[in-house]
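# Residue-level structural notes
The primary structure of each chain is shown beneath.
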Amino acid sequence: MDIMEQPALKFMQHFFYSEVWKQTQWMGINTLKCPSDLFLYQEILTKVRPDIIIECGTFQGGSALYFAHICDLLQNGRIITIDSIVQPNRPVHPRITYIQADSGSIHTLMQVKVFIEPTDKVLVILDSDHFSEHVQKELALYHPLVSVGSYIVVEDTICDEVSFEFNNPGPKEAVTKFLEQHDDFEIDTSQHKFHWSFNWNGYLRRIR
Ligand SMILES: C[S@@+](CC[C@H](N)C(=O)[O-])C[C@H]1O[C@@H](n2cnc3c(N)ncnc32)[C@H](O)[C@@H]1O
């Protein structure tokens, strides 16, 4: 189902425009997420049990801390989180490694690869610059790292449809172009179950 056909679109638009997601916190740290997507992440991490989570787009570190706490409960996993901008007072947690770099650069990919062992199960989250061109670059760079059965999550695919700030092609276009070239990934439509997600058609599962 396309984003525009999904029954709760009006509510999602209302929620997005209200910008309440800018006041959403995990353990006191701003976390720019839709709460139902956080719940989906908890389910995915529990199912996949990744050894390494690569997050492009740290912001204040709220999502990285959330992933780290889920990993604490699962007793497995570490988070490598990349942002071009350093923010003060990001949370310190033994499972989190911060990298200051452009997530769309091959040099950054090389930096990230140092942390990954050949047997590691890897999950990737793209939540940095949401312009289509940048997301396409990230998809090209990071998709080979994703383990079979794991995910590359392209965040904020709804930007192409509902964001008034976003009059340019965004993550949704990048996903479409990526899937035209990569039949080893598929959209996990079961992640639409709450009918309330910023990452509509953005949960891409590696199937081979
Ligand atoms: C949407 S925020 C990340 C939100 C965070 N993941 C969360 O859920 O709280 C996007 C972040 O991407 C960063 N960013 C933008 N362009 C980038 C780039 N080319 N490389 C790395 N980070 C970038 C911005 O500095 C910003 O902190």
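The text that follows walks through the structure, step by step, so that each part is easy to find. Only a predicted model underlies this, so the values are computations on that prediction, with no experimental measurement involved.

What follows concerns the overall build of the protein. Looking only at helices and strands, one finds seven helices and nine strands in the protein. Since a compact globule built from 208 residues should have a radius of gyration of about 17 Å, the 16 Å found for the protein is in line with a globular shape. If one aligns the C-alpha atoms of the protein with their principal axes, the spans along those axes are about 40 × 40 × 30 Å. The buried share among the 208 residues of the protein stands at 54%. Accessible area of the protein: about 9,600 Å², with a carbon and sulfur share of 55%. Positive and negative charge centroids in the protein, built from 17 and 27 side chains respectively, lie 5 Å apart.

Paired through their backbone hydrogen bonds, the strands of a sheet run either parallel or antiparallel. Across the sheet, seven strands lie side by side as 5-4-3-6-7-9-8; this open sheet has mixed pairing. Two strands close off the open sheet at either side, each with one partner strand: strand 5 (96-100) and strand 8 (185-187). Averaged over all pairs of adjacent strands, the angle between their axes in this sheet comes to 20 degrees, without regard to strand direction. In this structure, strand 6 (residues 122-126) lies alongside strand 7 (residues 151-154), joined through three bridges in parallel fashion. Residue leucine 126 lies in a different strand from strand 7, and its bridge partner there is valine 154.

This brings us to the layout of surface pockets. Put simply, the largest pocket is a space of about 710 Å³. Lining of the largest pocket is provided by 36 residues; of these, Leu32, Asp127, Ser128, Asp129 and His130 occupy positions nearest its centre. When residues of the lining of the largest pocket are traced back to their parent elements, those giving at least two are helix 3 (62-74) and strand 4 (78-83). Residue composition of the lining of the largest pocket, grouped by class: eleven nonpolar, 15 polar and ten charged.

Glancing now at the pattern of salt bridges. Using the criterion set out here, one finds eleven salt bridges in the structure. A salt bridge links aspartate 127 to lysine 33, with the nearest nitrogen and oxygen atoms 3.0 Å apart. Of the two residues, aspartate 127 sits in the loop between strand 6 and helix 5 (132-142) while lysine 33 sits in the loop between strand 2 (29-30) and helix 2 (35-48), which places them 94 residues apart along the sequence. Comparing aspartate 127 with lysine 33 shows no difference in burial state: the two are buried. Note that glutamate 155 is salt-bridged to lysine 33, the shortest N-O span being 3.4 Å. Separated by 122 residues along the polypeptide, glutamate 155 in the loop between strand 7 and helix 6 (159-162) and lysine 33 in the loop between strand 2 and helix 2 bring together distant segments of the chain.

Now for the pairing of strand 6. Looking along a regular strand, one sees the side chains alternate between the two faces of the sheet. Among the five residues of strand 6, five are classified as buried, and the element is accordingly described as predominantly covered. Here strand 6 shows two buried faces, one formed by Val122, Val124 and Leu126 and the other by Leu123 and Ile125. Where strand 3 (residues 52-56) and strand 6 come together, five bridges link them in parallel fashion. For isoleucine 52, the partnering residue across the bridge sits in strand 6 and is valine 122. For the crossover from strand 6 across helix 5 to strand 7, the handedness is right-handed.

The periodicity of an α-helix, 3.6 residues per turn, causes residues three or four positions apart to be oriented the same way. For helix 7 (residues 171-181), the full list of buried residues reads Pro171, Ala174, Val175 and Phe178. An end-on view of helix 7 places all buried positions within 100 degrees of arc, on one side of the element. On the buried face of helix 7, the contacting elements are helix 5, strand 7, helix 6, strand 8 and strand 9 (203-206).

Here we take up the nonpolar core. In globular proteins that are soluble, nonpolar side chains generally tend to be buried together. One finds Ile54, Leu126, Leu139, Tyr142 and Ile152 to be the most contacted residues of the largest nonpolar core, which totals 26 residues. Broken down by secondary-structure element, the contributors of at least two residues to this core are strand 3, strand 4, helix 4 (106-113), strand 6, helix 5, strand 7 and helix 7. Of all the elements, helix 5 adds the most residues to this core, at four residues. Discounting chain neighbours no more than four positions away, the residues touching isoleucine 152 are Val124, Leu126, Leu139, Tyr142, His143, Val146, Phe185, Gly202, Tyr203 and Leu204. Listed in part, the 23 residues of the second largest apolar core include Tyr41, Ile70, Leu74 and Ile79.

About the thresholds
- Residues numbered from 1 in each chain as written.
- Predicted model: local features only at pLDDT ≥ 70, side-chain atom pairs only at ≥ 80, totals over all residues.
- Heavy atoms only, no water.
- Helix = DSSP H or I, 4+ residues; strand = E, 2+ residues; numbered from the N terminus.
- Rg over C-alpha atoms; globule rule 2.2 N^0.38 Å.
- Buried < 20%, exposed > 50% of the residue type's maximum accessible area, 1.4 Å probe, protein only.
- Areas by Shrake-Rupley, 256 points an atom, 1.4 Å probe, with all protein chains shown as cover.
- Lys, Arg positive; Asp, Glu negative; His and termini not counted.
- Charge placed at Lys NZ, Arg CZ, Asp CG, Glu CD.
- Pairing = 2+ DSSP bridges.
- Axes fitted to C-alpha atoms, helices over the stretch in contact; angles between N-to-C directions.
- 1 Å grid on protein atoms, 1.4 Å probe; cavity = no way out; pocket = protein on both sides within 12 Å on 5 of 7 lines; lining within 4 Å.
- Points joined across faces, edges and corners; volume = space filled by probe spheres on them.
- Nonpolar A, V, L, I, M, F, W, Y, C, P; charged D, E, K, R; others polar.
- Salt bridge = Lys/Arg side-chain N within 4 Å of Asp/Glu carboxyl O.
- Right-handed = clockwise from strand over helix to strand, strands pointing away.
- Arc of directions from axis to C-beta.
- Contact = heavy atoms within 4.5 Å.
- Core = buried A, V, L, I, M, F, W, Y, C linked by side-chain atoms within 4.5 Å.

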